[in-house]
Amino acid sequence: MAMSVGKEDGEDVPMSDINTTPLVDVMLVLLIIFLIAVPVVVETVPIALPATAYEARETKPENVELTIRGGPGGTCEVYWGMTPIDSQTLLDRSVKSLEDAIAKVGGAENLTDETMPEAHLRGDVNTPYKCIGGAIFTMQRAGFARVGFVSEPPPGSTVTRL
């Protein structure tokens, strides 16, 4: 153990260096307190976040099933069933499908939530968003009010109906 008591030539001079150890201890304690307290104090806009639940998908013949994935060079590949289609063909087929569904129920005034066809999109996890967004836009432009995503529930989860 070493201790400084002054100069070696015999003069006792008081030490003028500041002891920083207590200052560092206090600062570390304050840092820990603020790291814990700040997230509690921060105010946010109150919202109700949706509860996630997996819903069993009802497949109706009038629903449109699309598969979307990214192609080579940043292109998008859209499949209607197993048939690859471009965006104009997707729009034309979607409009025709919706018109057929409306004619089947006897006119637009007879459409209900149960009889309105839906578009179900399946996208590969590595698909760029521009591909998914383009398909959503095209289906909404065709007149589909309900465009949903098909996902795979995590292993071991139970399927619930909302």
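Residue indices follow the written sequence of each chain, beginning from 1 at its first position. Note on the predicted model: pLDDT of at least 70 is required for a residue's local features to be given, and 80 or more for side-chain atom pairs to be given and counted; whole-chain, interface and lining totals, by contrast, use all residues. Only heavy atoms go into the side-chain values, all of them from the structure, while hydrogens and water stay out.

Participant: Please explain the state of the cysteines as it appears in this structure.
Facilitator: Two cysteines whose sulfur atoms are joined by a covalent bond form what is called a disulfide. To count as a disulfide, a pair of cysteine sulfur atoms needs to be within 2.5 Å. Inspection of every chain in the model, using the stated rule, returns one disulfide. In this model, Cys76 is linked to Cys131 through a disulfide, with the two sulfur atoms separated by 2.0 Å. Taking the torsion about the sulfur-sulfur bond, which here is approximately -80 degrees, the covalent link between Cys76 and Cys131 counts as left-handed. Separated by 55 residues along the polypeptide, Cys76 in strand β2 (residues 76-80) and Cys131 in helix α3 (residues 129-142) bring together distant segments of the chain. The numbering of helices and of strands both runs from the N terminus, where a helix is a DSSP run of H or I of at least 4 residues and a strand a run of E of at least 2.

Participant: Looking at this structure, how should I read the nonpolar core?
Facilitator: Nonpolar side chains in soluble globular proteins generally cluster together in the buried interior. Nonpolar cores are built from buried Ala, Val, Leu, Ile, Met, Phe, Trp, Tyr and Cys residues. Side-chain atoms within 4.5 Å join them into one set. Type-normalised accessible area, obtained with a 1.4 Å probe on protein chains alone, sets the label of each residue: buried when under 20%, exposed when over 50%, and partly exposed for intermediate values. Counting residues in hydrophobic clusters, the biggest one holds 19 residues, and the most contacted among them are Leu66, Ile68, Leu90, Met139 and Phe144. Listing elements by their share of this core, those giving two or more residues are β1 (64-70), β2, α2 (87-105), β4 (119-123) and α3. Of all the elements, α3 adds the most residues to this core, at six residues. We call two residues in contact whenever any of their non-hydrogen atoms come within 4.5 Å of each other. Excluding residues that lie within four positions of it along the chain, Leu90 makes contacts with Leu66, Val78, Trp80, Ile85, Thr138 and Met139.

Participant: For this particular structure, what's the right way to read the packing of aromatic side chains?
Facilitator: The relative placement of two aromatic rings is captured by the distance of their centres and the angle of their planes. A pair of aromatic rings is counted whenever rings of Phe, Tyr or Trp (Trp by its six-membered ring) have centres within 6.5 Å, and the orientation is called stacked for planes under 30 degrees apart, edge-to-face for over 60 and tilted otherwise. Applying the stated criterion across every chain yields a total of zero aromatic pairs. Put simply, a charge is over a ring when the Lys NZ or the Arg CZ is close to the ring centre, within 6 Å, and near the line of the ring normal, within 35 degrees. Cation over ring: Arg93 sits above Trp80, and NZ or CZ is 4.5 Å from the ring centre.

Participant: Where do I start with the pairing of β1 in this structure?
Facilitator: Moving residue by residue along a regular strand, the side chains alternate between the two faces of the sheet. Between any two strands, at least two bridges found by DSSP are needed for them to pair. Here β1 pairs with β4 via five bridges, running parallel. Residue pairing across strands places Ile68 opposite Gly123, the latter belonging to β4. With five bridges joining them, β1 and β2 adopt antiparallel strand pairing. Considered in β2, the bridge of Arg69 is made with Glu77. The antiparallel hairpin formed by β1 and β2 contains five residues in its connecting segment, where Gly73 sits at a positive phi of about 70 degrees.

Participant: Explanation requested: a nonpolar patch on the surface in the structure shown.
Facilitator: Here the term patch refers to residues with relative accessible area over 30% and no salt bridge, with like charges joined within 9 Å and nonpolar side chains (Val, Leu, Ile, Met, Phe, Trp, Tyr) within 5 Å. Computed with the Shrake-Rupley method and a 1.4 Å probe, the accessible areas treat only the protein chains shown as cover for residues. Salt bridge, as used here: a side-chain nitrogen of Lys or Arg that lies within 4 Å of a carboxyl oxygen of Asp or Glu. A contiguous nonpolar surface patch, about 830 Å² in accessible area, is contributed by Leu23, Val26, Met27, Val29, Leu30, Ile33, Phe34, Val38 and Val42. Looking at the element boundaries, Val42 is found in the loop between α1 (21-41) and β1.

Participant: What should I look at first to understand the pattern of salt bridges in this one?
Facilitator: Once the charged atoms of two side chains with opposite charge are near each other, the side chains can pair. Taken as a whole, this structure holds three salt bridges when the rule is applied. Across the pair Glu77 and Arg69 runs a salt bridge whose closest N-O atoms are separated by 2.6 Å. Taking the shortest distance from any N to any O, the salt bridge between Asp100 and Lys96 comes out at 3.1 Å. Here Lys96 and Asp100 lie together in helix α2, a separation of four residues that amounts to about one turn. Judged by relative accessible area, Lys96 falls into the partly exposed class, the value being 47%.

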